[in-house]
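Topology and contacts: notes
If you want the building blocks of each chain, they are given just below.
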Amino acid sequence: MQEKARSMRKIFDRVLAQIKPTKEEIDEITLHTNELMLRLKKVVEKDIEIEVVGSTAHGTNLRGDTDIDIFMLFKKGTKREEMVEKALSYAKRIVRKKQHERYEIKYAEHPYTRIYLDDYNIKADIVPAIKIGSIEEMATAVDRSPLHVEFINRSLNEKQKDDVRLLKYLLKVHGIYGAETKTGGFSGYLCELLIYHYGSLENALEGLARIRLPVCLDPNRKVEIRDNALFDKFNSDFIVLDPIDPARNVAAGVSKESLARLSLIATIFLEKPSIGTFYGKGFSETEATSLIKSFIEKTGLHIYMIIVNVPDKSDEIIWPELRKISDNIVRASAQYGFSVYITLQWISRGKGAMVFIAPEQNLGSRIIKGPSAFQGEHALMFIKAHKNSYGFVVNGESIGAIEANKYKTLKALFDDVIRGRFGKHKDISFNKSKLFVDKIPKEYLENLCAELIRKISI
Ligand code: CTP
Ligand code: MG
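So, how was this worked out
- Each chain carries its own residue numbering, running from 1 in the written order of its sequence.
- Starting at A for chains and at 1 for ligands, labels are handed out in the order in which the entities are written.
- Owing to the predicted nature of the model, reporting of local features is limited to residues with pLDDT of at least 70; listing and counting of side-chain atom pairs is limited to 80 or more, with chain, interface and lining totals taken over all residues.
- Only heavy atoms go into the side-chain values, all of them from the structure, while hydrogens and water stay out.
- Going along the chain from the N terminus, every DSSP run of H or I of four or more residues is numbered as a helix, and every run of E of two or more is numbered as a strand.
- Think of it in three bands: with a 1.4 Å probe and only protein chains considered, a residue is buried below 20% of the maximum accessible area for its type, exposed above 50%, and partly exposed in between.
- Working rule for contacts: check all heavy atoms of both residues, and any pair within 4.5 Å makes them a contact.
- When DSSP finds at least two bridges between two strands, those strands are taken to pair.
- An axis is simply a line fitted to the C-alpha atoms; with a helix, the fit covers only the stretch in contact. Between two such axes, the angle follows the N-to-C directions and lies from 0 to 180 degrees.
- What makes a nonpolar core is a set of buried Ala, Val, Leu, Ile, Met, Phe, Trp, Tyr and Cys residues whose side-chain atoms join them at distances within 4.5 Å.
- To estimate the expected span of a helix, count its residues, drop one, and scale the result by 1.5 Å.
- This arc is built from the directions going out from the helix axis to the C-beta atoms.
- One heavy atom within 4 Å of a molecule or strand is enough for the residue carrying it to be called near that molecule or strand.
- Whenever a nitrogen or oxygen atom comes within 3.5 Å of another N or O atom, the pair is scored as a polar contact, on the condition that within protein one atom can donate a hydrogen and the other can accept it, and that pairs from neighbouring residues in sequence are kept only if both atoms are in side chains.
- Per-residue accessibility takes into account occlusion by the displayed protein chains alone, with areas from the Shrake-Rupley method and a 1.4 Å probe.
- Three categories are distinguished: nonpolar for Ala, Val, Leu, Ile, Met, Phe, Trp, Tyr, Cys and Pro, charged for Asp, Glu, Lys and Arg, and polar for the others, with Gly belonging to the last.
- Whenever Lys or Arg places a side-chain nitrogen within 4 Å of a carboxyl oxygen from Asp or Glu, that contact is recorded as a salt bridge.
- In summary, the pairing rule links any two rings of Phe, Tyr or Trp, Trp by its six-membered ring, whose centres are within 6.5 Å, and it sorts them by plane angle into stacked for under 30 degrees, edge-to-face for over 60 and tilted for everything else.

Time to look at the overall build of the protein chain. Of the regular secondary structure elements, the protein chain holds 16 helices and 16 strands. Expressed as lengths along the three principal axes of its C-alpha atoms, the size of the protein chain is roughly 80 × 55 × 50 Å. Taking all 458 residues of the protein chain together, 47% fall into the buried category. Partitioning the contacts of the protein chain with sequence separation of at least 6, the portion at a separation of at least 24 is 65%.

Strand order across the open sheet formed by five strands is S1-S2-S5-S4-S3, with mixed pairing between neighbours. Only two strands of the sheet have a single partner each, and these edge strands are strand S1 (49–53) and strand S3 (101–107). Across the sheet, the mean angle from the axis of one strand to that of its neighbour is 25°, orientation sign disregarded. Taken together, the five bridges between S1 and strand S2 (residues 67–74) define a ladder with antiparallel strand orientation. Within S2, the position partnered with Glu-49 by the bridge is Leu-73.

One finds Met-72, Phe-186 and Phe-238 to be the most contacted residues of the largest nonpolar core, which totals 74 residues. Broken down by element, this core gets its largest block of residues, eight residues, from helix H7 (residues 188–198). Ignoring sequence-local partners within four residues, the contact set of Phe-238 consists of Phe-186, Ile-211, Leu-213, Val-215, Leu-217, Asn-249, Ala-251, Val-254 and Leu-259. Listed in part, the 23 residues of the second largest apolar core include Phe-338, Tyr-407, Leu-410 and Ile-428.

In space, the three strands of this open sheet follow the order S13-S15-S14, with antiparallel pairing throughout. Each having just a single partner strand, strand S13 (365–372) and strand S14 (391–395) make up the two edges of the open sheet. The mean inter-strand angle of the sheet, taken between neighbouring strand axes irrespective of direction, is 30°. Alignment of S13 against strand S15 (residues 398–404), held across six bridges, turns out to be antiparallel.

On to helix H1 (residues 2–19). Between its first and last C-alpha, H1 extends 26 Å over 18 residues, near the 26 Å set by a 1.5 Å rise per residue. Of all the positions in H1, only Met-8, Ile-11, Phe-12, Val-15, Leu-16 and Ile-19 are classed as buried. Down the axis of H1, the smallest arc covering the buried residues is 135°, so these residues share one side. Exposed and facing more than 90 degrees away from the buried side of H1 are Gln-2, Glu-3, Arg-6, Lys-10, Arg-14 and Ala-17. Contacts made by the buried residues of H1 are with helix H6 (158–173), helix H8 (201–209), helix H10 (256–271) and helix H11 (275–279).

The next thing to look at is the site of ligand 1. In the region of ligand 1, 14 residues are neighbours, and Ser-55, Asp-67, Ser-145, His-148 and Tyr-177 sit closest. In the model, an oxygen atom of ligand 1 is placed 2.9 Å from a nitrogen or oxygen of the Ser-145 side chain. The separation between an oxygen atom of ligand 1 and a polar side-chain atom of His-148 is 2.6 Å. Contact with the protein chains covers 75% of the free accessible surface of ligand 1, which is 560 Å². Of all the elements, helix H3 (residues 54–58) adds the most residues to the shell around ligand 1, at three residues. When the residues that make up the shell around ligand 1 are grouped by side-chain class, the tally is three nonpolar, seven polar and four charged.

This brings us to the pattern of salt bridges. Pairs can form between side chains of opposite charge once their charged atoms are near each other. Tallied over the full model, the rule gives 32 salt bridges. Its salt-bridge partner being Arg-221, residue Asp-218 comes within 3.0 Å of it at the nearest N-O pair. Among the salt bridges present, the one from Asp-242 reaches Arg-248, with a minimum N-O distance of 3.7 Å. Salt bridges here are not isolated pairs; linked through shared partners, they connect Arg-9, Lys-159, Asp-163 and Glu-202.

Within the element layout of this structure, Ala-17 appears in helix H1. Ala-17 gets classed as exposed once you look at its relative accessible area, which sits at 52%. Along the sequence, Ala-17 and Lys-313 sit 296 residues apart, while their C-alpha atoms lie 39 Å from each other.

Quick look at the pairing of strand S6 (residues 215–218) now. Of the two faces of S6, the one lined by Val-215 and Leu-217 and the one lined by Cys-216 and Asp-218 are each fully buried. Of the strand pairs in this sheet, S6 and strand S8 (residues 238–242) are connected by three bridges, and their pairing is parallel. Within S8, the position partnered with Val-215 by the bridge is Phe-238. Pairing analysis gives three bridges linking S6 to strand S7 (residues 223–225), with the strands arranged antiparallel.

Here we take up the side chain of His-148. Relative to the helices and strands, His-148 resides in helix H5 (residues 145–155). By relative accessible area, His-148 is classed as buried at 7%. Excluding anything up to four places from it in sequence, His-148 contacts His-58, Tyr-189, Asp-242, Ile-244 and Arg-248.

A few words now on the packing of aromatic side chains. Under the criterion given, the structure shown has twelve aromatic pairs. Ring geometry for Phe-12 against Phe-278: centres 6.5 Å apart, planes inclined by 65°, an arrangement best described as edge-to-face. Taken together, the residues Phe-12 in helix H1 and Phe-278 in helix H11 connect sequence positions 266 residues apart. Like Phe-278, Phe-12 is buried. Here the aromatic rings of Tyr-169 and Tyr-279 are separated by 6.1 Å at their centres, their planes lie at 85°, and the arrangement is edge-to-face.

In structure tokens form, the structure reads like this:
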């Protein structure tokens, strides 16, 4: 066991050497942070405070991944509209176009400004919030962040902060870092809490490998709670309570699939700690084409890819819709008797892709499930409604009708999907949509490969 623990640390040290920001990098970030803060202080009203939050303030940021989070703290009672309007205008005023700086307005719980320092490959989010002393005063969701800085810096030591970096990196490599809907993964703050709760990365991996749902982790008391009232209250079976706000589930954005994935990654790594099991199966761009080819050859599966145009709206709006449409298509396919093994989605350059991977299926007929034979009237109604069918089967006690299938192949069904025969959607239309079967145009191969690897890489 000692041996295993030692080899695990060795791997962590090796990875850490690659991902921990160098002293020069930290100095450079500090310099830019201070400089931006100074610029802001010059333009804002006197009673607005400027503070750094997020991973650079926590000391848990990754190398070369520089996202500075600067908060503009307005005094309690400031109206939301006033706060947002002022914050956007202040942030805009500090951008220096001549020094290759530019900005974008981003939308989260409320709008904020992202400034890019292109010469230094740094981006800084300038976010307005209300300054609060305790959680009861919270007015907007982001108001908690300064309290997080205080909590993390008081609670994690340097080694634990490095463990956070390793956990974040592990999740990143496996495509489950980030709480956005698209990823459904683990946020930076959640990683910090997991390391705090379990004490170390080794313990966190042990805990996650053994995790049984439903569970609520309470990092404050470092205990696991199993209380149905909590699962009902948060409508979730994986809860991590925020130590500074017990009314918040920090793991709310984690999808069941991401948690399951992490649990498996931990199990596999703990069984045989190695650089290989840490990274999982990666791929290089040049391998993309041959990888897809060999996957198809070995499995005999077919790839159906539907490409739709997506409007220029936030991912948080488009993603859930794309996913819902994809789920609907899988459901419709099942109704016609087709099974789909794997689905993938992505959004890139104004296009949304939905991929369905399925075996060869040629279904001249389908079976429509009816009621129980013992439900006399219902059974009779079903039989009458399907009187033109080829026959009825009794499967156990339920009856069914075999009918000619409207779609003999998935391709035929998908052809109707792209003609818009399966309903309308709010932001995504099938107008000018395209279907590709197996022959995937070059421009989509890289995304396809990345998403496929993410799905099958365990
Ligand atoms: N935050 C949060 N919950 C989220 C996302 C963000 O509470 N789902 C808060 C946390 O206080 C966090 C801060 O917003 O410290 C900044 O978030 P973000 O920049 O998204 O993540 P970081 O923790 O800074 O990690 P990264 O290194 O990826 O920037
Ligand atoms: Mg950040």
